[in-house]
Amino acid sequence: MAKKYAPYGLWESPITTDAITQNSFSLSSIFVDPVTKDIYYIEQRASEGGRSVVLSNKTKKEVFDKDFNARTRVHEYGGGAAIAYNGTVYSSNFADFRVYAAKDGNIKPITSEDPKKIYRYADFCVHPVHTDILVAILEDHTDDTPHTVRNSLCVINSTATTVTSLVSTEDAQIEFYAAPTFSPSGDKLAWQFWKHPDMPWEGGQIYVADVHYNSNTNTLSLSNAKLVAGEANNISACYPLWASNDKLLFTSDESKFANLWEYTQTYTKPVLSSVVQQDFCMPSWTLGNYPFAFLDENGTKAICVAWRDGRSVLYVVDIAAGSYVEIKDKSFDFVVVNNVCRLSDYTFVFTGLQSNAPGAAMLCTLTGPSLVPNFRVLSSIASTSATPYPEGIISLPIPLELKVTGDKIVYAVYYAPKNPAYAGSSIPDEKPPCVLGVHGGPTGLETQSLSWLKQYFTSRGYAWLDVNYSGSSCYGRAYVERLQGNWGITDVNDCIDAVQSPQICSLIDTKRTAIRGGSAGGYTTLAAISLDSSAGSKTKFFASATNSYGISDMELFAKDTHKFELMYIIKLLGGTIEEIPKVWHDRSPVYFSGNIKTPLLVLQGNDDAIVPPAQSWTIIDGILKSKGHVEAHFFDGEQHGWRTSETVKKAIEFEREWYEKSMVRSTVAI
């Protein structure tokens, strides 16, 4: 069939919003029962209002009832909602905030009724001897303001259905806990701790304590709590996991790269004989997503995920020898590996994302002295009922190191327009319009995994450019710290410089580039088109923009956001509002809405507790008062990001229509 020609941005595509959302779901987690070796995973189903479902790999059926939502709002971002032990699956239920236990079809609550939804639980671990006892994070919203929410570790007795305190202090309103884990004998407990103004990847600390069981009360207590790794503000230690009763492994970025470390009663040291200049973990925005697991019962070898060139690599680490070897195999084409869990000797499971196919829950077995991997799909997120897309329609990521102003390196990923039905543009010498994606966080990473949103645009003749600006994760701590004190400046400059770099400007129409982002990415989008400090606000550098639940007013954000990120902004801006009031003002787009010449689309969830709707209303009001060009859509029932199929469809369609109106059809004679 002869290929067609049409203006870039106006190609017809089989990748429709209906196709994207049809039976759409994602795999948010996978976990293993360490006793029975049964595997479970959690699906998030957009077609069911974003409900998270625990599925048994053995039966392929739901573990809990049809209305059960295996999700928690601890830290608002959640994670760590469910675990399994000796045939029982434990999970938080988003519907009523209680914790439930399910075994052999019998389901019962193990925490008290909570009609006001005051208590939130996550990140469970079961005592290996007294198996009716669980330790978990407890987040107490009795006084429900960001300054008064209290975090602690608690003991849940699943037999007595009681909750008692285990680790709590008078400063619980500024403290956080994560990753409680028992030693194999149950005699010790390790956990991660941090407090304001740190985030867990900035100053996370690992504690170890002795565990005591009281047979009269059937509960636990701790003694001899000891800080073993991490330092507030300077060194982040994360993901504690016991290799044996006397050895604990974790990640630490003491070397400025998050490598694997080990602790015993006699030493704390790096596992590897020399620093690997790669991060062995991502920032822990959510709970429970471990980047390594042990391959043998004695904990002498571990399978580890590291990040190289913006994608995951797998290493087998020999802990005693201090060495590592990469698992290289043509069948391993995952660019993102999450939720690594041990199944049995040299067998592990994980969730994986690819660049050219939907993600999957995977099982891998390593065999022989050369550790040859055998990968098997347990569950794929590919829709079984959707019509297959034509071969060759997926635009593959091209990772780039861009040399920008001052010979600084900025990382980016480029996707070219791609549709097998088209040979190019019908307009001579036309370059494609480009959508520049700004990830959230800002301590985050835009990965190279398949995104149907991006393919929706590239298959219509757009180019897409993801900029992992200074402050992004997985390139070492120094790259993250480039953004400290410079949020709204360095990230904006990196995005503008990326578009103007020789590698990119030769590929796209720089005068028809849209900038878009959500949350912190939404803030960078607003900053780029408004702040006096941005070159993008002076010349209408960006032809169009989309802000999804982004920050417009720094002072309002500091007052209204949730506890987890309450102090995050202080380091990003370089001080408190009392210390540097001018910086807080000058980095708030709401005060510079009169500068906005770029047509702006605003998308916002009405139930967002992280970036509340007031942040969107303030920037909209400012643009309207200055007679700027803005369109806004607010979604009932949505929080920080879209969970329902209906909202996903509407958001994508609103964005495409916006770009067509503001920078494609306005420049193309149809």
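Residues numbered from 1 in each chain as written. Predicted model: local features only at pLDDT ≥ 70, side-chain atom pairs only at ≥ 80, totals over all residues. Heavy atoms only, no water.

A. Focus on the sheet that holds strand S22 (residues 301–308). The antiparallel open sheet is built from four strands, whose spatial order is S21-S22-S23-S24. In the strand order of this sheet, the two ends are held by strand S21 (292–294) and strand S24 (323–326), each with one partner. For this sheet, the mean inter-axis angle between neighbouring strands, taken without regard to orientation, is 30°. As paired elements, S21 and S22 share three bridges and run antiparallel to each other. (Pairing = 2+ DSSP bridges. Helix = DSSP H or I, 4+ residues; strand = E, 2+ residues; numbered from the N terminus. Axes fitted to C-alpha atoms, helices over the stretch in contact; angles between N-to-C directions.)

B. Summary view of the side chain of Asn69. As for its placement among the helices and strands, Asn69 is situated in the loop between strand S4 (51–56) and strand S5 (82–85). Among residues more than four places away in sequence, those in contact with Asn69 are Gly50, Arg51, Ser52, Ser92, Asn93 and Phe94. (Contact = heavy atoms within 4.5 Å.)

C. Region of interest: the sheet that holds strand S3 (residues 39–45). Judged by pairing direction, the sheet is antiparallel, and its three strands sit side by side in the order S2-S3-S4 without closing on themselves. On the outer flanks of this sheet lie strand S2 (25–32) and S4, each paired with one strand and no other. Neighbour-to-neighbour, the strand axes of the sheet open up by a mean angle of 25°, direction not taken into account. In the sheet, S3 pairs with S4 via six bridges, with the strands oriented antiparallel. Its bridge partner lying in S4, Ile42 is registered against Val54.

D. Quick look at the pairing of S4. Within S4, six of the six residues are buried, which leaves the element mostly enclosed by the surrounding structure. Going residue by residue along S4, you find Arg51, Val53 and Leu55 tucked away on one face and Ser52, Val54 and Ser56 tucked away on the opposite face as well. Counted between consecutive antiparallel strands, the loop separating S3 from S4 contains five residues, among which Gly49 sits at a positive phi close to 70°. (Buried < 20%, exposed > 50% of the residue type's maximum accessible area, 1.4 Å probe, protein only.)

E. Examining the environment of Phe94 more closely. Along the chain, Phe94 turns up in the loop between strand S6 (88–92) and strand S7 (99–103). Judged by relative accessible area, which is 16%, Phe94 ranks as buried. On a C-alpha basis, the gap between Phe94 and Glu62 in space is 16 Å, while along the polypeptide they are 32 residues apart.

F. Region of the structure containing the environment of Asp491. Looking at the secondary structure, you find Asp491 in helix H5 (residues 490–500). By relative accessible area, Asp491 is classed as buried at 0%. With 19 residues separating them along the chain, Asp491 and Ser472 place their C-alpha atoms 9.3 Å apart. Residues within four places of Asp491 in sequence aside, it is in contact with Tyr469, Leu483, Asn486 and Thr524. Looking at Asp491, its side chain comes within polar contact range of the main-chain nitrogen of Gly488, at 2.8 Å. (Polar contact = N/O pair within 3.5 Å; in protein donor to acceptor, adjacent residues only side chain to side chain.)

G. Region of interest: the packing of aromatic side chains. The final tally for this structure, using the stated rule, is 42 aromatic pairs. Seen in terms of ring centroids, Phe176 and Phe564 are 6.0 Å apart; in terms of plane orientation they differ by 80°. Their pairing is edge-to-face. Pair noted here: Phe176 is in strand S13 (residues 175–182) and Phe564 is in the loop between helix H8 (554–560) and helix H9 (568–573), with a separation of 388 residues, a long-range link. Of the two residues, Phe176 and Phe564, neither departs from the other in class, the shared state being buried. Measuring from centroid to centroid gives 5.4 Å for Tyr456 and Phe457, while their planes differ by 75°, and the two rings are edge-to-face. Like Phe457, Tyr456 is buried. An aromatic cluster is built from Tyr77, Phe176, Trp194, Trp201, Trp285, Phe564 and Tyr568, whose rings are joined through pairwise contacts. (Phe/Tyr/Trp six-rings, centres within 6.5 Å; stacked < 30°, edge-to-face > 60°.)

H. Region of the structure containing empty space enclosed by the protein. For the structure shown, the criterion picks out four cavities of 30 Å³ or more. Of the voids in this model, the largest cavity is the one considered here, and its volume is about 310 Å³. When contributions to the lining of the largest cavity are tallied by element, the ones reaching two or more residues are helix H2 (200–203), strand S18 (247–252), helix H4 (477–481) and H9. Here the lining of the largest cavity is composed, by residue class, of 13 nonpolar, eight polar and seven charged. (1 Å grid on protein atoms, 1.4 Å probe; cavity = no way out; pocket = protein on both sides within 12 Å on 5 of 7 lines; lining within 4 Å. Points joined across faces, edges and corners; volume = space filled by probe spheres on them. Nonpolar A, V, L, I, M, F, W, Y, C, P; charged D, E, K, R; others polar.)

I. Seen up close, the pattern of salt bridges. In the structure shown here, the tally under the stated rule is 34 salt bridges. Note that Glu555 is salt-bridged to Lys559, the shortest N-O span being 3.4 Å. With a gap of four residues between them, Glu555 and Lys559 both fall in helix H8, about one helical turn apart. A single salt-bridge network, built from bridges that share partners, covers Glu43, Arg45, Glu48, Arg51, Glu62 and Lys66. (Salt bridge = Lys/Arg side-chain N within 4 Å of Asp/Glu carboxyl O.)

J. Here's a closer look at the environment of Asp198. Inspection of the secondary structure assignment puts Asp198 in the loop between strand S14 (188–195) and H2. A residue is classified by how much of its surface remains accessible, and Asp198, at 4% relative accessible area, is buried. Remark: the alpha-carbon pair of Asp198 and Tyr389, spanning 191 residues in sequence, is separated by 45 Å. Residues within four places of Asp198 in sequence aside, it is in contact with Gly203, Ala232, Asn233 and Lys571. One polar contact links the side chain of Asp198 to the main-chain amide nitrogen of Asn233, over a distance of 2.8 Å. Within the local environment of Asp198, its side chain forms a polar contact with the side chain of Lys571, the two groups lying 2.4 Å apart.

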